[in-house]
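Results of the structural survey
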Amino acid sequence: ESISVEQGESGICVSRLDEEKTVRALHGTIRSLLANLVEGVSKGFERHLLIEGVGYRAALQGKELVLSLGFSHPIHYQIPDGIEVKVDGQTAVGVTGIDKQQVGLVAARIRAFSPVEPYKGKGVRYRDEQVRRKVGKAVA
């Protein structure tokens, strides 16, 4: 109620009618959401995941991503509508779409199946993620 959104010839204008703290916070949130919608439709969003480990791989079967991540069974992940997943060379997964929140959510869910462990570095990680490695047991 305290925020107005108007579409003009030069773009979309978001203005607030009140100077309360919550209204100022909502003003920035709405502006950011609208900017992400415009960017999503014009350029799209993407997240890249890497799968590391012996025998760890990914494959696409229709609208389903099949992950072999060292468990006794393969993991079948149903890809939601509006999201496109590409697998390059069995170890690189690309998630693309127009909704920034949904692209990040799908990438996070895929990563959550087997997050990177710090000793050998096995698991699913983002392409730009830095993994801090730990030193294993020292043999005396």
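The preceding data block contains the structure.
Every chain begins its residue count from 1, and numbering advances along the sequence as written. Reporting in this predicted model follows two pLDDT cut-offs: at least 70 for local features of residues, and 80 or more for side-chain atom pairs to be given and counted; totals over whole chains, interfaces and linings ignore these cut-offs and use all residues. Processing note: side-chain calculations cover all non-hydrogen atoms of the structure and skip hydrogens and water entirely.

Time to look at helix 2 (residues 100-112). Only DSSP runs of H or I reaching four residues or more are called helices, and only runs of E reaching two or more are called strands; each is numbered from the N terminus. Residue count minus one, scaled by 1.5 Å, sets the expected span of a helix. For helix 2, with 13 residues, the first-to-last C-alpha span of 18 Å sits near the 18 Å given by 1.5 Å per residue. Relative accessible area decides the class of each residue, using a 1.4 Å probe on protein chains only: under 20% of the type maximum gives buried, over 50% gives exposed, and in between gives partly exposed. If you check which residues of helix 2 are buried, you get Val-103, Val-106, Ala-107 and Ile-110. The arc that holds every buried residue of helix 2, seen down its axis, measures 95 degrees, which confines them to one face. Counted as exposed and oriented over 90 degrees from the buried face of helix 2: Gln-101 and Ala-112. Residue contacts are counted whenever heavy atoms from the two residues lie within 4.5 Å of one another. Against strand 3 (45-52), strand 5 (64-68), strand 6 (75-78), strand 7 (83-88), strand 8 (92-97) and strand 9 (123-126) lie the buried residues of helix 2. Throughout, the arc means that of the directions going from the helix axis to the C-beta atoms.

For the rest of this paragraph, the subject is a nonpolar patch on the surface. In this analysis, a patch consists of residues with relative accessible area above 30% that form no salt bridge, clustered at 9 Å for like charges and at 5 Å for the nonpolar side chains Val, Leu, Ile, Met, Phe, Trp and Tyr. The method behind every accessible area is Shrake-Rupley, applied with a 1.4 Å probe, and residues are considered shielded solely by the protein chains displayed. What makes a salt bridge here is a side-chain nitrogen of Lys or Arg within 4 Å of a carboxyl oxygen of Asp or Glu, nothing more. Residues Val-5, Ile-12 and Val-38 make up a contiguous nonpolar surface patch of roughly 250 Å² in combined accessible area. Mapped onto the fold, Val-5 is located in strand 1 (residues 3-7). Overall, the relative accessible area of 45% leaves Val-5 in the partly exposed class.

The next thing to look at is the environment of Leu-50. Structurally, Leu-50 can be placed in strand 3. Leu-50 sits in the partly exposed class, given a relative accessible area of 22%. Considered as a pair, Leu-50 and Arg-132 are 82 residues apart in the sequence and their alpha carbons are 16 Å apart. Look past the residues within four positions of Leu-50 in its chain and what remains in contact with it is Thr-91, Ala-92, Gly-123, Val-124, Arg-125 and Arg-127.

Attention now moves to the environment of Thr-96. Within the fold, Thr-96 resides in strand 8. What makes Thr-96 partly exposed here is its relative accessible area of 25%. Taking C-alpha positions, Thr-96 is 11 Å from Asp-81, a pair spaced 15 residues apart along the chain. Among residues more than four places away in sequence, those in contact with Thr-96 are Phe-45, Glu-46, Gly-82, Ile-83, Glu-84 and Val-103.

So, on to the pattern of salt bridges. One pass over the full model with this rule turns up 5 salt bridges. We note a salt bridge from Arg-125 to Glu-52, for which the minimum N-O separation is 2.9 Å. Of this pair, Arg-125 sits in strand 9 while Glu-52 sits in strand 3; the two residues are 73 residues apart in sequence, bridging distant segments of the chain. The buried category is assigned to Arg-125, whose relative accessible area is 16%. Under the relative-accessibility criterion, Glu-52 is labelled partly exposed at 31%. Between Glu-84 and Lys-86 there is a salt bridge, and its shortest N-O distance comes to 4.0 Å.

Note on backbone geometry: most residues besides glycine have negative phi, and most peptide bonds are trans. The phi dihedral of Gln-90 is positive, around 70 degrees, even though this residue is not glycine. Note on placement: Gln-90 falls in the loop between strand 7 and strand 8.

Ordered by their spatial adjacency, 4 strands build an open sheet running 7-8-3-9, and the pairing between neighbours is antiparallel. The open sheet is flanked by strand 7 and strand 9, the only strands paired with a single partner. The mean angle between the axes of side-by-side strands here comes to 25 degrees, regardless of whether they run parallel or antiparallel. Pairing between strands requires that DSSP locate at least two bridges from one strand to the other. Judged from the 6 bridges that link them, strand 7 and strand 8 form a sheet pairing that is antiparallel. Within strand 8, the position partnered with Val-87 by the bridge is Val-93. Sitting on the sheet, helix 2 is in contact with strand 3, strand 7, strand 8 and strand 9, with an inclination near 5 degrees to strand 3. Helix axes use the C-alpha atoms of the stretch in contact, all axes being lines fitted to C-alpha atoms, and the angles between their N-to-C directions lie in the range 0 to 180 degrees.

By themselves, these figures tell us nothing about what the structure is for.
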